[in-house]
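Structure assessment
Here are the chains, one letter per residue:
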Amino acid sequence: MAFLNTRPKQLGVLALVAAATLVPFMLEDDLLKLLGAGLVLAIGAIGLNLLTGYAGQVSLGHAFFVGVGAYTAAALAGDPDGRYLGFGVEFVPLWIFAAGAVAALCGVIVAPLATRLRGLYLAVVTLGLVVIGGYVFAEWRELSGGPQVGRPAPEPVVFGVELTGDGTYTEEQKLFWFFLVVLIVMAVAARNIARSKIGRAFAAIRDRDVAAGVMGVELSRYKLIAFTISSFYAGVCGSLLFVANGTFGPERFSLLLSVQFIAMVLIGGVATVSGAIMGAMLIAMLPRIAGELPHYLSFVSSSPTDHPNIFEVEVAFYGLLIIAFLLFEPRGLFGIWLRIRTYWKSFPFSY
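Residues numbered from 1 in each chain as written. Predicted model: local features only at pLDDT ≥ 70, side-chain atom pairs only at ≥ 80, totals over all residues. Heavy atoms only, no water.

A look at the overall build of the protein
Counting its secondary structure elements, the protein contains 14 helices and four strands. Counting only C-alpha atoms, the protein reaches 60 × 50 × 45 Å along its principal axes. Taken over 351 residues, the protein has a buried fraction of 47%. At a minimum sequence separation of 6, the contacts of the protein that also span at least 24 residues come to 73%. Of the accessible surface of the protein, which amounts to about 17700 Å², a share of 68% is contributed by carbon and sulfur atoms. Taking the 23 positively charged and 22 negatively charged side chains of the protein as two groups, their mean positions are separated by 19 Å. (Helix = DSSP H or I, 4+ residues; strand = E, 2+ residues; numbered from the N terminus. Buried < 20%, exposed > 50% of the residue type's maximum accessible area, 1.4 Å probe, protein only. Contact = heavy atoms within 4.5 Å. Areas by Shrake-Rupley, 256 points an atom, 1.4 Å probe, with all protein chains shown as cover. Lys, Arg positive; Asp, Glu negative; His and termini not counted. Charge placed at Lys NZ, Arg CZ, Asp CG, Glu CD.)

What follows is the structure, encoded as structure tokens:
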């Protein structure tokens, strides 16, 4: 029943956290920025995994809640005397909590409608959120800055420490460590939710909602909880994306972002917190992988005006990876890790 019930698991997690802490000393800042974005996306992927993987509620509207969190943080942190809506709050943890709370409130509002549906109908309803959110974000220029313009992020401050470059550490290093701490907190919380009564109710609804209702599980209540928790995680992810990217526009929170989160869950592993993190890190590295293709494939161009180019290939990668994992490894990257671990434990025997 323990969170880490064996000594190898305890040592393995400790070694993994220690290795992640040392990563900023071993990588260049440009690659470190990508990995930092991966840590942020992992938080959103965990939230979607709680809703889709654990509770079985298919959602294509995750980008909407991420956008709500991002613009909540933007409004709180913005300069009150500046061009855009802002309240001048510099304390980053307050952004994070407020962004998650506002996104969770939106989840509570949407959940009563969504919980009456399931399957394809639920997916279409949540897809509508992305369309509505995209329109609101684009038209509310005082908040978002407008399409293709966006708004800049202020300098983040955590307990009096500015997360900017100084003579000792670069901005990318400080942000990576900060994102890592937040991810660990959110991952541990999600893992404990999955192990709790709420998590068991989610699994029952996912496997067979009619049977779960017969056994006494309140379907509407737990679906509401699932949407609320998932939206909170999405809002936290959005607030950190605001810091990680430095600037962003309303076009960032489109259907493509929702597809990216779906890809993270499916590629990493459904109903696993570790799998969501693995999938997010892989998806975050796809732009770097696609950018290297022109060096090896002469027909792939790095110019957006030529076809095929690295941007088109990057989008195609999402679909190809989803199809490949669904066909050949439905349990995702986490499933591959389980097979390796099982082989190691049973070696040299094959059973």
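There is more to say, and it comes next.
Some details on the nonpolar core
Judged by nonpolar contacts, the single largest core of 97 residues is most densely connected at Ile43, Phe178, Phe179, Leu240 and Phe261. Beyond its immediate stretch of four places on either side in the chain, Ile43 contacts Val182, Leu183, Met186, Tyr233, Val236, Cys237 and Leu240. If you look at the next biggest cluster of nonpolar residues, it comprises five residues, including Ala290, Leu293, Val300 and Ile310. (Core = buried A, V, L, I, M, F, W, Y, C linked by side-chain atoms within 4.5 Å.)

Notes on a nonpolar patch on the surface
A cluster of nonpolar side chains, Phe3, Val13, Val17, Ile184 and Val188, forms an exposed patch at the surface whose accessible area comes to about 340 Å². Broken down by secondary-structure element, the contributors of at least two residues to the nonpolar patch are helix H1 (7–22) and helix H7 (171–195). (Patch = residues over 30% accessible without salt bridge, like charges linked within 9 Å, V, L, I, M, F, W, Y side chains within 5 Å. Salt bridge = Lys/Arg side-chain N within 4 Å of Asp/Glu carboxyl O.)

Remarks on the packing of aromatic side chains
For the coordinates displayed, the defined rule picks out 13 aromatic pairs. Aromatic pair Tyr71 and Phe253: ring centres 5.7 Å apart, planes at 70°, arrangement edge-to-face. One end of the pair, Tyr71, is in helix H3 (residues 62–77); the other, Phe253, is in the loop between strand E4 (247–248) and helix H11 (255–268), and 182 residues separate them in sequence. Just as Tyr71 is buried, Phe253 falls in that class too. (Phe/Tyr/Trp six-rings, centres within 6.5 Å; stacked < 30°, edge-to-face > 60°.)

Regarding the packing of H3 against helix H10 (residues 219–245)
Contact geometry for H3 and H10: axes closest at 7 Å, N-to-C directions at 50°. Judged on the interaxial angle alone, H10 and H3 are oblique. In the packing of H3 onto H10, the handedness of the crossing is right-handed. Contacts from His62, Phe65, Val66, Gly69, Ala70, Ala73, Ala74 and Ala77 in H3 reach Ser230, Ser231, Ala234, Gly235, Gly238, Ser239, Leu241 and Phe242 in H10. For the contact of H3 with H10, a count of residues per class yields nine nonpolar, seven polar and no charged. (Axes fitted to C-alpha atoms, helices over the stretch in contact; angles between N-to-C directions. Parallel < 35°, antiparallel > 145°, perpendicular 65-115°, else oblique. Left-handed = near helix turned anticlockwise from the far one by under 90°. Nonpolar A, V, L, I, M, F, W, Y, C, P; charged D, E, K, R; others polar.)

As for the state of the cysteines
Should the sulfur atoms of two cysteines be covalently bonded, the bond is a disulfide. Taken as a whole and judged by the stated rule, the model has zero disulfides. A disulfide-free cysteine, Cys106 has its sulfur positioned 15 Å from the sulfur of Cys237, the nearest such atom. Look at Cys237 and you get buried, because its relative accessible area is 0%. (Disulfide = S-S within 2.5 Å.)

Observations regarding the pattern of salt bridges
This structure, assessed with the given rule, holds six salt bridges. Salt-bridge contacts for Asp30 lead to Arg288; the nearest nitrogen and oxygen are separated by 3.8 Å. With a gap of 258 residues between them, Asp30 in helix H2 (residues 29–54) and Arg288 in helix H12 (residues 273–292) connect regions that are remote in the sequence. We classify Arg288 as partly exposed; its relative accessible area is 31%. Put simply, Arg331 and Glu329 hold a salt bridge, and the shortest N to O gap is 3.9 Å. Among the charged side chains, a network of salt bridges with common partners joins Asp30, Arg288 and Glu292.

Here's the deal with unusual backbone geometry
Where the residue is not glycine, phi is negative for most of them; where a peptide bond is considered, it is trans in most cases. Between His307 and Pro308 the backbone carries a cis peptide bond, its omega angle lying at -5°. Assignment of secondary structure puts Pro308 in the loop between H12 and helix H13 (310–328). Residues other than glycine seldom take positive phi values, yet Ala271 does so here, at roughly 65°. Summarising the element assignment, Ala271 is placed in the loop between H11 and H12.

Remarks on H10
With 27 residues, H10 extends 38 Å between its outermost C-alpha atoms, agreeing within 8% with the 39 Å of an ideal straight helix rising 1.5 Å per residue. Counting buried residues along H10, 20 of its 27 residues qualify, which places the element largely inside the surrounding structure. (Expected span 1.5 Å × (residues − 1).)

Considerations on helix H5 (residues 120–139)
The periodicity of an α-helix, 3.6 residues per turn, causes residues three or four positions apart to be oriented the same way. For H5, which comprises 20 residues, the first-to-last C-alpha distance of 29 Å matches the rise-based estimate of 28 Å (1.5 Å per residue) to within 8%. What H5 keeps buried is the set Leu122, Ala123, Thr126, Leu129, Val130, Gly133, Phe137 and Ala138. Viewed end-on, H5 has its buried residues packed into an arc of 150°, placing them on one side of the element. With respect to the buried face of H5, the exposed residues turned more than 90 degrees away are Leu120, Tyr121, Val124, Val131, Ile132 and Tyr135. Where the residues of H5 are buried, they touch H3, helix H4 (92–114), helix H6 (141–144), H10 and H11. (Arc of directions from axis to C-beta.)

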